[in-house]
Amino acid sequence: MRDKNPEALPMTLAPRQQEILDLARDRGYVSIDELAQAFAVTPQTIRRDINQLAEQGLLRRTHGGAASEASSIQNTAYAMRAGQMRDEKQRIAEAVAALIPDHASLFINIGTTTEAIARELLGHKGLKVITNNLHVAAQLADRPDFEVLVAGGTVRSDGGIVGQSAVDFIQQFKVDFAIVGISGIDDDGSLLDFDYQEVRVSQAIIDNARQVLLAADSSKFGRNAVVRLGSIALVDRMITDHAPSPALARLMAEHKVHLDLV
């Protein structure tokens, strides 16, 4: 069996491949288009490089790019996540915000994508927002016509609030929309995350919303994470920057999950 420990592999990488690997490790995700521009080669050349790196277990292929081969039991650091897929998250945020009417009630869960969405919601009027994300609460609290409620519980280093108290708080409400981020989406439709306590809060958020909007950039497709939140069937709409795999697309169609590509 091939050893997937990068340090144990022979140093046979071409200079460009080594640079691609270094960029993916630094950023967490790199797109084929940006790499092709950076190295002044065709996307097909970059795709071949990524395929070779993935075959050695050094990178994980994604739609339109590659991600570092990270652990399935531990998420990347918050600062790194905040810097990944910025343009894609911004387009997703604008599209999600456009789906939310003024004077709506909504849940917003933990994640850098949901934080980008919160910034876009500042142009709305009269929102009632319930969140377990301190960054979201801080962004929205200055609006005098917004009502922002924050769940109690254990505060993580990334500003997320988890624990049974947060679950109990969320379960007091029934809102118009849940805006949900996720760490990974498997081809079998499983929604995946890293923290069991975070997942329990997200499950309560989904259970108590009339419409569930899943905001997920394409680096989440096929990404491994150890905790299963539930099925894609729980979602009403998925807003993303790239078409999902045929297997996932079939599941979404079967469960009438609307796909918004941005």
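Bear in mind that the values here come from a model prediction, so they are computed numbers and not experimental data.

Participant: Break down the packing of helix H5 (residues 86–99) against helix H6 (residues 112–120) for me, with residues and values.
Facilitator: Between H5 and H6, the least distance of the axes is 8 Å, while the angle of their chain directions is 55°. Relative to H6, the element H5 lies oblique. The hand of the H5/H6 crossing is right-handed. Packed against H5, whose contacting residues are Lys89, Gln90, Ile92, Ala93, Glu94, Val96 and Ala97, the element H6 presents Thr112, Thr113, Ala116, Ile117 and Glu120 at the interface. When the residues that make up the contact of H5 with H6 are grouped by side-chain class, the tally is six nonpolar, three polar and three charged.

Participant: Describe the nonpolar core, with residues and values.
Facilitator: Nonpolar side chains in soluble globular proteins generally cluster together in the buried interior. Formed by 34 residues in total, the largest nonpolar core has its most connected members in Phe107, Ile130, Ile185, Leu191, Leu214 and Ile232. Counting residues per element, the ones that place at least two in this core are helix H8 (164–170), strand E9 (175–180), helix H9 (196–207), strand E12 (209–215), strand E13 (227–231) and helix H10 (246–254). Of all the elements, H9 adds the most residues to this core, at five residues. Beyond its immediate chain neighbours, meaning those up to four positions away, Phe107 contacts Ile130, Ile170, Phe173, Val175, Phe177, Ala178, Ile179, Ile205, Asn208 and Ala209.

Participant: Any details on H5? Residues and values, ideally.
Facilitator: Every α-helix winds through 3.6 residues per turn, so residues three or four apart in the chain are directed the same way. Look at H5: 20 Å from first C-alpha to last across 14 residues, which is about the 20 Å you get at 1.5 Å a residue. Burial in H5 covers these residues: Glu88, Lys89, Ile92, Ala93, Val96 and Ala97. Within H5, the buried residues cover an arc of 160° as seen down the axis, which keeps them to one side. Of the residues in H5, the exposed ones pointing more than 90 degrees away from the buried face are Asp87 and Ala98.

Participant: Give a detailed account of the pattern of salt bridges, specifying residues and quantitative values.
Facilitator: Applying the stated criterion to the full structure yields nine salt bridges. Close ionic contact of Asp145 with Arg143 constitutes a salt bridge, the shortest N to O distance being 2.9 Å. Its relative accessible area of 33% is what places Asp145 among the partly exposed residues. Where Arg156 meets Asp158, a salt bridge forms, and the shortest distance between an N and an O atom there is 2.7 Å. Overall, the relative accessible area of 21% leaves Arg156 in the partly exposed class. Relative accessible area serves as the criterion here: at 6%, Asp158 is assigned to the buried category. Put simply, Arg156, Asp158, Asp195 and Glu198 are held in one network by salt bridges that share partners.

Participant: How would you sum up unusual backbone geometry? Please name residues and give values.
Facilitator: If you check the backbone angles, His103 has positive phi at about 65° while not being a glycine. Looking at the secondary structure, you find His103 in the loop between H5 and strand E4 (105–108). Residue class for His103 comes out exposed when judged on its relative accessible area of 62%. Phi is positive for Lys256, which is not a glycine, with a value near 55°. When you line up the elements, Lys256 lands in the loop between H10 and strand E15 (258–261).

Participant: Can you explain the packing of helix H2 (residues 32–39) against helix H3 (residues 43–55)? Please cite residues and give values.
Facilitator: Put simply, H2 and H3 touch, their axes get as near as 9 Å, and they point 110° apart. Taken together, H2 and H3 sit at an angle that is classed as roughly perpendicular. Crossing hand, H2 versus H3: right-handed. Mapping the contact onto sequence places Ile32, Leu35, Ala36 and Phe39 in H2 and Pro43, Ile46, Arg47 and Ile50 in H3. Here the contact of H2 with H3 is built from residues that sort into seven nonpolar, no polar and one charged.

Participant: Any chance you could break down a nonpolar patch on the surface for me, citing the residues and the numbers?
Facilitator: Judged by side-chain polarity, Leu134, Val150 and Val155 come together as a nonpolar surface patch covering roughly 210 Å² of accessible area. Tracing the backbone shows Val155 in strand E7 (residues 154–155).

Participant: Which residues make up the pairing of strand E14 (residues 237–240), and what are the values?
Facilitator: For a regular strand, the rule is simple: side chains alternate between the two faces of the sheet. Here E14 shows a buried face lined by Arg237 and Ile239 and a second buried face lined by Met238 and Thr240. Sheet topology note: the E12/E14 ladder contains three bridges and is parallel. Looking across to E14, one finds that Ala215 is bridged to Ile239. As a crossover connection, the stretch from E14 through H10 into E15 is right-handed.

Here is what the cut-offs are and how they apply
Residues numbered from 1 in each chain as written. Predicted model: local features only at pLDDT ≥ 70, side-chain atom pairs only at ≥ 80, totals over all residues. Heavy atoms only, no water. Axes fitted to C-alpha atoms, helices over the stretch in contact; angles between N-to-C directions. Helix = DSSP H or I, 4+ residues; strand = E, 2+ residues; numbered from the N terminus. Parallel < 35°, antiparallel > 145°, perpendicular 65-115°, else oblique. Left-handed = near helix turned anticlockwise from the far one by under 90°. Contact = heavy atoms within 4.5 Å. Nonpolar A, V, L, I, M, F, W, Y, C, P; charged D, E, K, R; others polar. Core = buried A, V, L, I, M, F, W, Y, C linked by side-chain atoms within 4.5 Å. Buried < 20%, exposed > 50% of the residue type's maximum accessible area, 1.4 Å probe, protein only. Expected span 1.5 Å × (residues − 1). Arc of directions from axis to C-beta. Salt bridge = Lys/Arg side-chain N within 4 Å of Asp/Glu carboxyl O. Patch = residues over 30% accessible without salt bridge, like charges linked within 9 Å, V, L, I, M, F, W, Y side chains within 5 Å. Areas by Shrake-Rupley, 256 points an atom, 1.4 Å probe, with all protein chains shown as cover. Pairing = 2+ DSSP bridges. Right-handed = clockwise from strand over helix to strand, strands pointing away.

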